[in-house]
Amino acid sequence: MILIIDFGSQYNQLIARRVRECKVYCHIETPDISLDAIRSLKPEGIILSGGPASIYEKNSPKIDKGIFDLNIPILGICYGLHYMVDALGGSVKRAKKREYGFAELNIKEPGNIFKGIASSTQCWMSHGDSIEKLPGGFSVTASTENTKVAAVQHDEKHFYGLQFHPEVNHTTLGKSMLNNFLTQICGCKKNWSMKSFARDAIAEVQETVGDKHVILGLSGGVDSSVAALLIHKAIGKQLTCIFIDNGLLRKNEGDKIKAVFKEKLKLNIRFIRAKNLFLSALSGVTDPEKKRKIIGKIFIDVFDAEAKKIKNADFLAQGTLYPDVIESKSAFGGPTSVIKAHHNVGGLPKNMKLKLVEPLKYLFKDEVRKLGAELGLSEDLVWRQPFPGPGLAVRILGEINTKRLNVLRNADEILIEEIKKAGFYRKLWQSFAVLLPIKSVGVMGDLRTFENVVAIRAVTSLDAMTADWAKLPHALLGVISNRIINEVDGVNRVVYDISSKPPSTIEWE
Ligand code: XMP
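Quick caveat: nothing in here was measured; it's all calculated off a predicted structure.

Student: Go over the site of the ligand with me, naming the residues and quoting the values.
Tutor: If you check the shell around the ligand, you find 13 residues, and the closest are Arg292, Gln430, Lys501, Ile506 and Glu507. Contact distances for the ligand include 2.6 Å between an oxygen atom and a side-chain N or O atom of Arg292. The separation between an oxygen atom of the ligand and a polar main-chain atom of Ile506 is 2.8 Å. Protein chains bury 75% of the 490 Å² of accessible surface belonging to the ligand in isolation. Split by residue class, the shell around the ligand holds five nonpolar, five polar and three charged. No fewer than three residues from each of domain 2 (194–382) and domain 3 (401–496) sit in the shell around the ligand.

Student: Describe the packing of aromatic side chains, listing the residues and the values that go with them.
Tutor: This structure, assessed with the given rule, holds twelve aromatic pairs. With a centroid separation of 6.1 Å and 85 degrees between ring planes, the pair formed by Trp192 and Phe197 is classed as edge-to-face. Grouping residues by exposure puts Trp192 and Phe197 together as buried. Across the ring face of Tyr425, the terminal group of Lys420 is positioned such that the distance to the ring centre comes to 4.7 Å. The ring of Phe424 has Lys427 lying over it, and the distance from NZ or CZ to the ring centre is 5.0 Å.

Student: Which residues make up the sheet that holds strand E7 (residues 139–143), and what values go with them?
Tutor: To summarise the sheet geometry, strands pair through backbone hydrogen bonds and adopt either a parallel or an antiparallel arrangement. Read from one edge of the open sheet, nine strands run E2-E1-E3-E4-E9-E8-E7-E5-E6, paired in mixed fashion. Each edge of the open sheet is held by one strand with a lone partner, namely strand E2 (26–29) and strand E6 (120–133). Within the sheet, the average angular offset between the axes of one strand and its neighbour, ignoring direction, is 20 degrees. Here strand E4 (residues 74–77) pairs with strand E9 (residues 159–162) via four bridges, running parallel. Within the sheet, the bridge partner assigned to Leu75 lies in E9 and is Tyr160.

Student: Quick one: what's the story with the pattern of salt bridges, residue by residue and with numbers?
Tutor: The tally for this structure, following the rule as stated, stands at 27 salt bridges. Salt-bridge contacts for Lys297 lead to Asp301; the nearest nitrogen and oxygen are separated by 2.7 Å. Here Lys297 and its partner Asp301 are both found in helix H9 (residues 288–308), four residues apart, which amounts to about one turn of the helix. Among the residues examined, Lys297 registers a relative accessible area of 53% and is labelled exposed. On the basis of relative accessibility, which here comes to 40%, the residue Asp301 falls in the partly exposed class. With its nearest N and O atoms 3.6 Å apart, the salt bridge here joins Lys420 to Asp380. Placement of Lys420 in helix H13 (residues 402–421) and of Asp380 in helix H12 (residues 379–382) is noted, with a sequence separation of 40 residues between them. Residue class for Lys420 comes out partly exposed when judged on its relative accessible area of 38%.

Student: Before we move on, could you go through the domain arrangement of the protein and cite the residues and values that matter?
Tutor: Taken domain by domain, the protein consists of domain 1 (2–185), domain 2 (194–382) and domain 3 (401–496). Facing the eight residues of domain 2 at the interface are eight residues of domain 3. Carbon and sulfur atoms make up 43% of the surface buried where domain 2 meets domain 3, a total of about 680 Å² over both sides. Taken together, domain 2 and domain 3 are joined by three salt bridges. Viewed at the interface, domain 3 and domain 2 are joined by five residue pairs in polar contact (both at pLDDT 80 or more). Tallied by class, the residues present in the side of domain 2 that touches domain 3 amount to three nonpolar, one polar and four charged.

Student: A description of the nonpolar core should follow, citing residues and the corresponding values.
Tutor: Judged by nonpolar contacts, the single largest core of 72 residues is most densely connected at Leu48, Ile67 and Leu371. Here this core takes nine residues from helix H6 (residues 222–235), the largest share from any one element. In terms of domain composition, this core takes at least three residues from each of domain 1 (2–185) and domain 2 (194–382). Counting 48 residues, the second largest nonpolar core, distinct from the first, contains Ile242, Ile310, Leu405 and Tyr425.

Student: Tell me about the pairing of strand E5 (residues 91–107), and please be specific about residues and values.
Tutor: As judged from the twelve bridges shared by E5 and E6, these two strands associate in the antiparallel manner. Its bridge partner lying in E6, Glu104 is registered against Gln122. Strand direction decides the pairing type here: E5 and E7, joined by two bridges, are antiparallel. From the neighbouring strand, Ile107 faces E7, where its bridge partner is Ala142.

Student: Account for the environment of Val214, naming residues and giving values.
Tutor: Relative to the helices and strands, Val214 resides in strand E10 (residues 213–217). Residue classification places Val214 among the buried residues on the basis of a relative accessible area of 0%. In sequence terms Val214 and Lys96 are 118 residues apart; their C-alpha atoms lie 58 Å from each other. In this structure, Val214 is in contact with Val209, Ile235, Gln238, Leu239, Thr240, Phe315 and Ala317, ignoring residues within four places of it in sequence.

What counts, and at which threshold
- Residues numbered from 1 in each chain as written.
- Predicted model: local features only at pLDDT ≥ 70, side-chain atom pairs only at ≥ 80, totals over all residues.
- Heavy atoms only, no water.
- Near = heavy atom within 4 Å.
- Polar contact = N/O pair within 3.5 Å; in protein donor to acceptor, adjacent residues only side chain to side chain.
- Areas by Shrake-Rupley, 256 points an atom, 1.4 Å probe, with all protein chains shown as cover.
- Nonpolar A, V, L, I, M, F, W, Y, C, P; charged D, E, K, R; others polar.
- Domains from an automatic or database assignment.
- Phe/Tyr/Trp six-rings, centres within 6.5 Å; stacked < 30°, edge-to-face > 60°.
- Buried < 20%, exposed > 50% of the residue type's maximum accessible area, 1.4 Å probe, protein only.
- Lys NZ or Arg CZ within 6 Å of the ring centre and 35° of its normal.
- Pairing = 2+ DSSP bridges.
- Helix = DSSP H or I, 4+ residues; strand = E, 2+ residues; numbered from the N terminus.
- Axes fitted to C-alpha atoms, helices over the stretch in contact; angles between N-to-C directions.
- Salt bridge = Lys/Arg side-chain N within 4 Å of Asp/Glu carboxyl O.
- Contact = heavy atoms within 4.5 Å.
- Buried area = accessible area lost by both parts, 1.4 Å probe.
- Core = buried A, V, L, I, M, F, W, Y, C linked by side-chain atoms within 4.5 Å.

As structure tokens, this is what we get:
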């Protein structure tokens, strides 16, 4: 494995992505990691990331200098290079001008990290400091017009440094450089795959859990489904999943989850039908935040009551993903380990004294999908679009009742069916129907109607932080609109939402 030390760069996740794309496993750790912890990870190489600080700034992040005596190849990128140079007796200075953007890299010494790369290639710079004096044993291997020391190496110790960022796509051959570091310099075997990850993760769950019991809140979303399946493969009936039907799910959702997880995959699941509890508490409530609070609180109460019935439950499993773990750590003294609250609610009760099992915590979302496929989860579940915890409650503007829920469910089912048929489902981050709190006039046959309006929302996005409304073909929108108006009782108008995030949000509430 490769250990990545996070000095606070905005590109850290990208470094991890690139390493894994080379089929080498990696971890990101904060600079306060001890030498013993590093030794126990047995890394074949260490990458010191970039970061926003200047090396001589007070409180700039630092790692134990002992890493330079571990006899492990090290690659320093930008700030990581500055740290290495300073730690080993060289010096760094503030550059006259901050260099940001493309630069032509002239390689003086081919081989090693530049093996197979032409003598001139494009790289991406983003730095304010530069190397002034190199420590003994280092030589310059590449330069750009503005930056004399753009790449360095210490042959004997296998220390390498790049002033530019090989992890970003703008450095045309950056991935080849990283690949060279991993294979030529660190000697990593490119054998990391989802199969090997699954095998190791299953063994780890078995070792952690022993003969104890694990509980997991199953929502049917990709993360909790994959986590459930993996833990089930590890400990079988020692896992109990709790699925809460809050009455705010999509059409037949509870039955579909039951058919897959209970009947087909034979997981130990408790289905809790709590529809009346949720719907009666939501009766007359129209404020979106009040809806969320009510749903969150009841969820916790129901989950807690159910969990208490499970004897010997020592562990709570969660489908926490790597970006959540990374984002909750900070190179600048933030919390070293923050537990993510349950996906669908604001957090689980503090008095629930359970240890956490988070088998997906080193995976990115697309890797979780691959793992799901590897474990035998159906395509349908592997490629599910995200669905908010409060469910249809935040897609029914205004009051929630069974009648309005059914109107929305029927409209949403048609929408998803047509989106899938047209081959758009996987291309969209989310696509769903929203029931508006207004009625409009229409004419059906010779009769005037005064019925509900449904809005269609379809967005593309990478991470839900920003989103663009999807430019769906007019013909497809036409089919969806016709079908909803003709087939769903109580709807006489369909509109398409053409707002992006920001300033709008993805959900309407
Ligand atoms: P917004 O509407 O804030 O949504 O642009 C961003 C993403 O978060 C989902 N979302 C939620 N998920 N509980 C959840 O579990 C919530 O209360 C909630 N609100 C929004 C939304 O579906 C989108 O993917």
